[in-house]
Amino acid sequence: QVQLVESGGGLVQAGGSLTLSCAASGRTFSMYSMAWFRQAPGKEREFVATTSWRGGSAYHADSVKGRFTISRNNAKNTLYLRMNSLKPENTAVYYCAAAQRWNSDYDLRYAYDSWGQGTQVTVHS
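About the thresholds
Residues numbered from 1 in each chain as written. Predicted model: local features only at pLDDT ≥ 70, side-chain atom pairs only at ≥ 80, totals over all residues. Heavy atoms only, no water. Core = buried A, V, L, I, M, F, W, Y, C linked by side-chain atoms within 4.5 Å. Buried < 20%, exposed > 50% of the residue type's maximum accessible area, 1.4 Å probe, protein only. Helix = DSSP H or I, 4+ residues; strand = E, 2+ residues; numbered from the N terminus. Disulfide = S-S within 2.5 Å. Salt bridge = Lys/Arg side-chain N within 4 Å of Asp/Glu carboxyl O.

Trainee: Quick one: what's the story with the nonpolar core, residue by residue and with numbers?
Mentor: Core analysis: the biggest nonpolar cluster contains 35 residues, and Met 34, Trp 36, Leu 81, Met 83 and Tyr 94 have the highest contact counts within it. Of all elements in the fold, only strand E1 (2-7), strand E3 (18-26), strand E4 (33-39), strand E5 (46-52), strand E7 (68-73), strand E8 (78-83), strand E9 (92-99) and strand E11 (119-124) reach the threshold of two or more residues within this core. Per-element tally for this core: the top contributor is E9, with six residues.

Trainee: Tell me what's going on with the state of the cysteines, and back it up with residues and numbers.
Mentor: Taken as a whole and assessed by the stated rule, the structure comprises one disulfide. Each disulfide pairs two cysteine sulfurs, and for Cys 22 the partner residue is Cys 96, the sulfurs being separated by 2.0 Å. Judged by the sign of its S-S torsion, about -75 degrees, the bond between Cys 22 and Cys 96 is left-handed. Remark: Cys 96 occurs in strand E9 and Cys 22 occurs in strand E3; sequence separation between them is 74 residues. Relative accessible area serves as the criterion here: at 0%, Cys 22 is assigned to the buried category. You can call Cys 96 buried: its relative accessible area is 0%.

Trainee: Would you mind going over the pattern of salt bridges in detail, with residue names and values included?
Mentor: Overall, the coordinates contain three salt bridges when judged by the stated rule. The residue Asp 62 makes a salt bridge to Lys 65 at a minimum N-O spacing of 3.1 Å. Taken as a pair, Asp 62 and Lys 65 share a single burial class, namely exposed. For the salt bridge of Asp 113 with Arg 101, the shortest nitrogen-to-oxygen distance reads 3.4 Å. With Asp 113 in the loop between E9 and strand E10 (114-115) and Arg 101 in the loop between E9 and E10, this residue pair connects regions lying 12 residues apart in the sequence. With relative accessibility at 34%, the residue Asp 113 sits in the partly exposed group. Under the relative-accessibility criterion, Arg 101 is labelled partly exposed at 48%.

As far as function goes, none of this settles anything; it's purely spatial.
Structure representation (structure tokens):
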């Protein structure tokens, strides 16, 4: 089992930036990929970005391409999400997730085995 703890959320003005972190512990050697999802009030949890834990391509949702960047530090077992040019509609709880195997449905929740508790991001205009 992998344990995930997110941090770095907060209140930010529109146009500002935040970097979220996700610290992984436990059976991290079993991780194949990690991802960020988000859930706004009254909406379904949606995919934001994913990256292979062992090297390879990263994928971002169209809605965040060019503004958000997913990255990782394997030595620190930490996943990051750099968010620039934030908009009020980016307000959500952001969740970190980990998968133990490749799944072509990397943008769907069921592809991931472990989840963090989430960190709140609030963007005000």
